[in-house]
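Reading the structure
The chain contents come next:
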Amino acid sequence: MNTKKKPLVIVTRKLPDAIETRMMELFDARLNHDDKAFTQGQLIDAVKQADVLVPTVTDRIDGGVLAHSNPNLRLIASFGTGVDHIDLAAARGRGITVTNTPGVLTEDTADMTMALILAVPRRIFEGERALREGQFQGWAPTWMLGKRLWGKRLGIIGMGRIGSAVARRARAFGLSIHYHNRKRVAPHIEQELEATYWESLDQMLARMDIVSVNCPHTPATYHLLSSRRIDLLRPHAYIVNTARGEVIDENALVRRLRNDQLAGAGLDVFEHEPAINPKLLELPNVVALPHMGSATIEGRLDMGEKVIINIKTFADGHTPPDRVIAGLL
Ligand code: 8YV
């Protein structure tokens, strides 16, 4: 990156005004005022020019795009925590450092996870829809009966920051905490969360009442909830996913739900986002949200702040705080 002049920073989506204003003060920032997601062609144009690219989850920065990057593109400062939309190996190979915005989305995403854990078994959206459609004729003892949360087992897949934050909330709702993770977490965290570790995901799935997906999407977690594993869930179990759609074999999930072999699902993310399998939307026991787990104004400002700090630190010749990979050359 040329440190004499301000770096050319291309931002692919509209960010909060305060973030854009600060970016314009610090950098030669090229913003996307109308917020239309870039096409692959526009991404190629961007990497041909930028010193720094600021993409989001809606941009697919694959090897084909990166093959066009100009030699001054040294940093991809992604606005978001997940980096599955970026071909990290291709970036590293071209000497491009990649940063993300971890930590600042944790509590908001955990809140949304908890909201889905409540909403699906307690049929909150079904009740709301029924009321709006004029079906509420007065209270009845057997109407809109859901399932009690208190005393049930929650199985968390991925006990990182977000998984742990979900566990803390869920304990207050009387759920017992179970988890599967690549590595067992530190004993003091297990004690704090009164969490039971399952080395075998298969065994955990077969015993849970609610399963929450909180792991990143990586080659290792693609379809981690495969058709075979989804079949291990008991028919009264619920699935909640606020991580990435790709972690679940969505066709298999739809099949189980349609055959009444699963009690319900709360989904904030989808395998082919923004396309949603229309069969999912036909099911009353599915709550589908438009990837809004981290959508708070505070969260977006914190994310923007992190992006700025990562760019500024890098431009000043230091290691950015949220480095995912270092570009090697
Ligand atoms: C972000 C997310 O809003 O950070 C993530 O990984 O999934 C979202 O909540 C999005 O990624 C922004 O790029």
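That block above? That's the structure.
Now for a quick tour of the structure. Note that the structure is a prediction, hence the values are computed from the model and not measured.

1. Some details on the site of the ligand
Contacts to the ligand come from Thr56, Val57, Phe79, Gly80, Thr81, Gly82, Leu105, Arg244, His291, Ser294, Arg300 and Met303. The separation between an oxygen atom of the ligand and a polar main-chain atom of Val57 is 2.9 Å. Contact between the ligand and Ser294: an oxygen atom at 2.6 Å from a side-chain N or O atom of the residue. Here the ligand has 330 Å² of accessible area as a free molecule, and 89% of this is covered by the chains. Classifying every residue of the shell around the ligand by side-chain character gives four nonpolar, six polar and two charged.

2. Digging into the sheet that holds strand 9 (residues 210-213)
Read across the sheet, seven strands follow the order 8-7-6-9-10-11-12 without closing on themselves; strand pairing throughout is parallel. Of all the strands in the sheet, just strand 8 (195-197) and strand 12 (286-288) have a single pairing partner and so form its edges. Pairs of neighbouring strands in the sheet enclose a mean axial angle of 20 degrees, with direction left out of account. With four bridges connecting them, strand 10 (residues 238-241) and strand 11 (residues 264-267) associate as parallel partners. Opposite Asn241, over in strand 11, you have Leu267 as the bridge partner. Sheet strands in contact with helix 5 (residues 106-119) are strand 6 (153-157), strand 9, strand 10, strand 11 and strand 12, and its direction is about 155 degrees off that of strand 10.

Rules of the game
- Residues numbered from 1 in each chain as written.
- Predicted model: local features only at pLDDT ≥ 70, side-chain atom pairs only at ≥ 80, totals over all residues.
- Heavy atoms only, no water.
- Near = heavy atom within 4 Å.
- Polar contact = N/O pair within 3.5 Å; in protein donor to acceptor, adjacent residues only side chain to side chain.
- Areas by Shrake-Rupley, 256 points an atom, 1.4 Å probe, with all protein chains shown as cover.
- Nonpolar A, V, L, I, M, F, W, Y, C, P; charged D, E, K, R; others polar.
- Pairing = 2+ DSSP bridges.
- Helix = DSSP H or I, 4+ residues; strand = E, 2+ residues; numbered from the N terminus.
- Axes fitted to C-alpha atoms, helices over the stretch in contact; angles between N-to-C directions.
- Contact = heavy atoms within 4.5 Å.

Just geometry here; none of it tells us what the structure is for.
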